[in-house]
Amino acid sequence: MKITTWNVNSLTARLQHVQDWLAANPVDVLCLQELKLTDDKFPLDVLRGIGYGHCAVFGQKTYNGVAIMSRTPLRDVVKNITGFEDDHSRVIAATLDTPDGALRLVNGYFVNGQAPGTEKFDYKMNWLRGLQAYLRDEVASHPRLVLLGDFNIAPEDRDSFDPVGLAETIHHTTQERDHFRQLLALGLVDSFRLFEQPEKSFSWWDYRMLGYQKNRGLRIDHILVTEPLRAAVKACTIDRVPRKWKQPSDHAPVTVEI
DNA sequence: ATGGCGTTCGCGGAACGA
């Protein structure tokens, strides 16, 4: 079972890349962030045509928007964070039935937060508090749970190309990293760090300043799994190939094999 | 670096991203 997270930075602009990537990487589930389209514009016919006919979609015009695309049926879809009022479409959860039992998927496009001291950063902190409370309940009721998406947090110094120069800036602040650790404390593990990984492994690179070419990136897209799944995780990899394509998303897809 | 680059909306340039 392969499950992928990918911030596509507009599904409209990236639909061909999604199709091309899935043709080469026929994963079981693809979780998308930053759809930047409303539900009625979601290209279900195209995706059904390439084998992903089971889609849970939570779109929004221009900004945000998340979806779970699956080869097999999804059930018990929940949109946004239960108990946290939010105007943005940032979270969608669904259950996938597998031969090994039910798998709860929680796909999130975490708040960016702009910079510490701004209203957007305060929103990020409140949002993270809401997510944590929600996930405490979700983890309790779903032993086999995967939390994945664009976290907009570089959890450790090794997840940034410039941890010294960018210390305490957005994605690197102590407050954001505390929130990441608190998610782990709910009983989740960062699947990427279960394996030996190349140094300077990142999932996002700035479009500007030759960010990708110089590997000036951050690892901010993550796949966390609950403890009962830990032993079942076979691999977690970042695919930099589509970042080299023409007009790419600034994020790379991250895949876990369970 | 207050930059750059890309997407959206909409038709100029602002908002937003990270």
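Just above sits the structure.
Residues numbered from 1 in each chain as written. Chains lettered and ligands numbered in written order. Predicted model: local features only at pLDDT ≥ 70, side-chain atom pairs only at ≥ 80, totals over all residues. Heavy atoms only, no water.

**Let's talk about the pairing of strand β14 (residues 254-257)**
Here is step 1 of the chain: Direction of pairing for strand β1 (residues 2-7) relative to β14: antiparallel, over a ladder of four bridges. By the bridge assignment for β14, Thr 5 is matched with Val 254.
Here is step 2 of the chain: Where strand β13 (residues 235-238) meets β14, four bridges bridge the pair, whose relative direction is antiparallel. When the bridges of β14 are listed, Ile 238 appears paired with Val 254. (Pairing = 2+ DSSP bridges. Helix = DSSP H or I, 4+ residues; strand = E, 2+ residues; numbered from the N terminus.)

**Notes on the protein's contact with DNA strand B**
Here is step 1 of the chain: Taken together, 22 residues sit near DNA strand B, with Ser 10, Asn 112, His 171, Arg 208 and Met 209 positioned nearest.
Here is step 2 of the chain: Taken together, the sugar and phosphate atoms account for 68% of what DNA strand B places within 4 Å of the protein.
Here is step 3 of the chain: At a separation of 3.5 Å, a phosphate oxygen of DNA strand B approaches a polar side-chain atom of Lys 61.
Here is step 4 of the chain: Tyr 109 is positioned with one of its side-chain polar atoms (N or O) 2.9 Å from a phosphate oxygen of DNA strand B. (Near = heavy atom within 4 Å. Polar contact = N/O pair within 3.5 Å; in protein donor to acceptor, adjacent residues only side chain to side chain.)

**Side note on the sheet that holds strand β4 (residues 66-70)**
Here is step 1 of the chain: Strand order in the open sheet formed by six strands is β3-β4-β2-β1-β14-β13, with mixed pairing between adjacent strands. The sheet terminates laterally at β3 (54-58) and β13, the two strands that pair on one side only. On average, adjacent strands in this sheet sit at an angle of 10° to one another, irrespective of strand direction.
Here is step 2 of the chain: With five bridges joining them, strand β2 (residues 29-33) and β4 adopt antiparallel strand pairing. Residue pairing in the sheet places Leu 32 in a bridge with Ala 67 of β4.
Here is step 3 of the chain: Each of β1, β2, β4 and β14 touches helix α1 (residues 11-24); the most contacted strand, β1, lies at about 150° to it. (Axes fitted to C-alpha atoms, helices over the stretch in contact; angles between N-to-C directions. Contact = heavy atoms within 4.5 Å.)

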